[in-house]
Amino acid sequence: MAISDLKLPQGVTPHEYRTPVLLAEGLANDVAEQLRTAISARGEATLVVSGGRSPVAFFQNLARQGLDWSKVTITLADERWVPVEHADSNAGLLKKYLLQGPAAKARFLSLYSAAANLDAAAEQADRLLAELPAIDVLVLGMGDDGHTASLFPNSPNLAEALKPDGTRRCWPMLAPSVPRQRLTMSRALLATANYTVLSIAGDSKLNTLSEALASDDVAGMPIRAFLQPTLEIYWCP
Ligand SMILES: O=C(O)[C@H](O)[C@@H](O)[C@H](O)[C@H](O)COP(=O)(O)O
């Protein structure tokens, strides 16, 4: 199966690449172009990315792009509630692969804080995100269970975090896998992005996407909240 075999809703555009290397290059070029356009228009740009295992090559390619990184604010769609030195920290991943060379000049906003507990950390991140300028580019990933960001099926707070008109920007969430304690941007905040990308690789993610397209039960598979105009889906086998 290829992404061209799926019947995508109007306004959801597939971008197919032959290999993960080509996808990482293509996505980095397109994201950089969006950021340059935002800087020309407003004098600044805001990028929200996801963590996980797959975005490393994309981050490395993006860090090499010529743009005025001092005008870019970067933050995460979601974070594991662990300090930046921890192997599972998404901020740690960004520091290692994206905030390097000229891209180290970007302003990074961390969702993580060493608060008393996860709820307090989410409240602190919520206050921080009130300062986030308009999101120009959002890059989402997707898990095989249909989660995106840290909007996990069956997590406490999921219904609140998925409210299309919710006013809270960050929620504490529990993932089924370690580290379980997560912080996620709400659906309502994520939905404000001007250019939204879903970046996925491999057949199993394509099967998950196909399953997600077959129903509109958003709580069952939170990625469904984003399978609507406008979304750019980057995929490679
Ligand atoms: O911190 C995280 O884990 C994420 O932001 C998460 O939503 C991720 O994007 C998906 O789990 C897909 O991860 P992979 O792309 O590594 O498979």
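Everything quoted here is computed from the prediction, not taken from an experiment.

**Side note on the overall build of the chain**
When you go through the chain residue by residue, the secondary structure sums to seven helices and ten strands. The C-alpha atoms of the chain give a radius of gyration of 17 Å, which matches the 18 Å a tight globule of 237 residues would have. By principal-axis analysis of the C-alpha atoms, the chain measures approximately 45 × 40 × 35 Å. Burial analysis of the chain (237 residues in total) assigns 54% to the buried set. Counting contacts in the chain only where the partners sit at least 6 residues apart, residues at least 24 apart contribute 74% of the total. Carbon together with sulfur atoms contributes 50% to the accessible area of the chain, which is approximately 10500 Å² in total. Within the chain, one finds 21 positive and 25 negative side-chain charges whose respective centroids are separated by 4 Å.

**Considerations on the environment of Ala-77**
If you trace the backbone, Ala-77 turns up in the loop between β3 (72–76) and β4 (78–80). Among the residues examined, Ala-77 registers a relative accessible area of 0% and is labelled buried. The spacing of Ala-77 and Leu-151 is 74 residues in sequence and 10.0 Å in space, taken between C-alpha atoms. In contact with Ala-77, other than residues within four places in its own chain, are Val-48, Val-49, Ser-50, Leu-111, Leu-138, Leu-140, Ala-149, Leu-183, Thr-184, Met-185 and Leu-190.

**What to know about the packing of helix α1 (residues 20–42) against helix α2 (residues 56–63)**
Their axes nearest at 8 Å, the elements α1 and α2 cross at an angle of 50°. Regarding the angle of α1 to α2, the classification is oblique. Between α1 and α2 the crossing geometry is right-handed. The residues of α2 that touch α1, namely those facing Ala-24, Glu-25, Leu-27, Ala-28, Val-31 and Ala-32, are Ala-57, Phe-58, Asn-61 and Leu-62. Counted by class, the contact of α1 with α2 contains eight nonpolar, one polar and one charged residues.

**So, the sheet that holds strand β1 (residues 12–16)**
If you walk across this open sheet you meet the seven strands as β1-β10-β9-β6-β2-β3-β5, and the pairing is parallel. Since the sheet does not close on itself, it has two edges, and those belong to β1 and β5 (107–108), each with one partner. The pairing of β1 with strand β10 (residues 231–236) spans five bridges and is classified as parallel. Residue pairing for β10: Glu-16 is matched across the bridge by Trp-235. Helix-sheet contacts for α1 involve β2 (45–49), β3, β6 (137–140), β9 (195–201) and β10, and the interaxial angle to β2 is about 150°.

**Some remarks on the site of the ligand**
Of all residues adjacent to the ligand, which total 15 residues, the nearest are Arg-53, Ser-54, Asp-78, Ala-149 and Lys-205. A distance of 3.2 Å separates an oxygen atom of the ligand from a polar atom in the backbone of Gly-51. Isolated, the ligand exposes 420 Å² of accessible area, and the fraction of that covered by the protein chains is 94%. Assessed atom by atom at 2 Å from the grid points, the ligand resides in the largest pocket. Considering only residue class, the shell around the ligand consists of two nonpolar, eight polar and five charged.

**A look at the UniProt feature "domain: Glucosamine/galactosamine-6-phosphate isomerase" (unreviewed entry) in the chain**
In the numbering adopted here, UniProt assigns the feature "domain: Glucosamine/galactosamine-6-phosphate isomerase" (unreviewed entry) to residues 22–235. Taken as a whole, residues 22–235 contains 32% helix and 19% strand, while its terminal C-alpha atoms sit 10 Å from one another.

**Focus on the layout of surface pockets**
In this structure, the largest pocket spans a volume of roughly 1000 Å³. Every residue lining the largest pocket is counted, 48 residues in all, and those nearest its centre are Gly-51, Gly-52, Arg-53, Ser-54 and Pro-55. The element that contributes the greatest number of residues to the lining of the largest pocket is helix α3 (residues 90–97), accounting for five residues. Its residues placed into classes, the lining of the largest pocket shows 24 nonpolar, 14 polar and ten charged.

The rules behind each value
- Residues numbered from 1 in each chain as written.
- Predicted model: local features only at pLDDT ≥ 70, side-chain atom pairs only at ≥ 80, totals over all residues.
- Heavy atoms only, no water.
- Helix = DSSP H or I, 4+ residues; strand = E, 2+ residues; numbered from the N terminus.
- Rg over C-alpha atoms; globule rule 2.2 N^0.38 Å.
- Buried < 20%, exposed > 50% of the residue type's maximum accessible area, 1.4 Å probe, protein only.
- Contact = heavy atoms within 4.5 Å.
- Areas by Shrake-Rupley, 256 points an atom, 1.4 Å probe, with all protein chains shown as cover.
- Lys, Arg positive; Asp, Glu negative; His and termini not counted.
- Charge placed at Lys NZ, Arg CZ, Asp CG, Glu CD.
- Axes fitted to C-alpha atoms, helices over the stretch in contact; angles between N-to-C directions.
- Parallel < 35°, antiparallel > 145°, perpendicular 65-115°, else oblique.
- Left-handed = near helix turned anticlockwise from the far one by under 90°.
- Nonpolar A, V, L, I, M, F, W, Y, C, P; charged D, E, K, R; others polar.
- Pairing = 2+ DSSP bridges.
- Near = heavy atom within 4 Å.
- Polar contact = N/O pair within 3.5 Å; in protein donor to acceptor, adjacent residues only side chain to side chain.
- 1 Å grid on protein atoms, 1.4 Å probe; cavity = no way out; pocket = protein on both sides within 12 Å on 5 of 7 lines; lining within 4 Å.
- Sits in = over half its atoms within 2 Å of the grid points.
- UniProt positions renumbered as here; feature names shortened; annotations may be inferred.
- Points joined across faces, edges and corners; volume = space filled by probe spheres on them.

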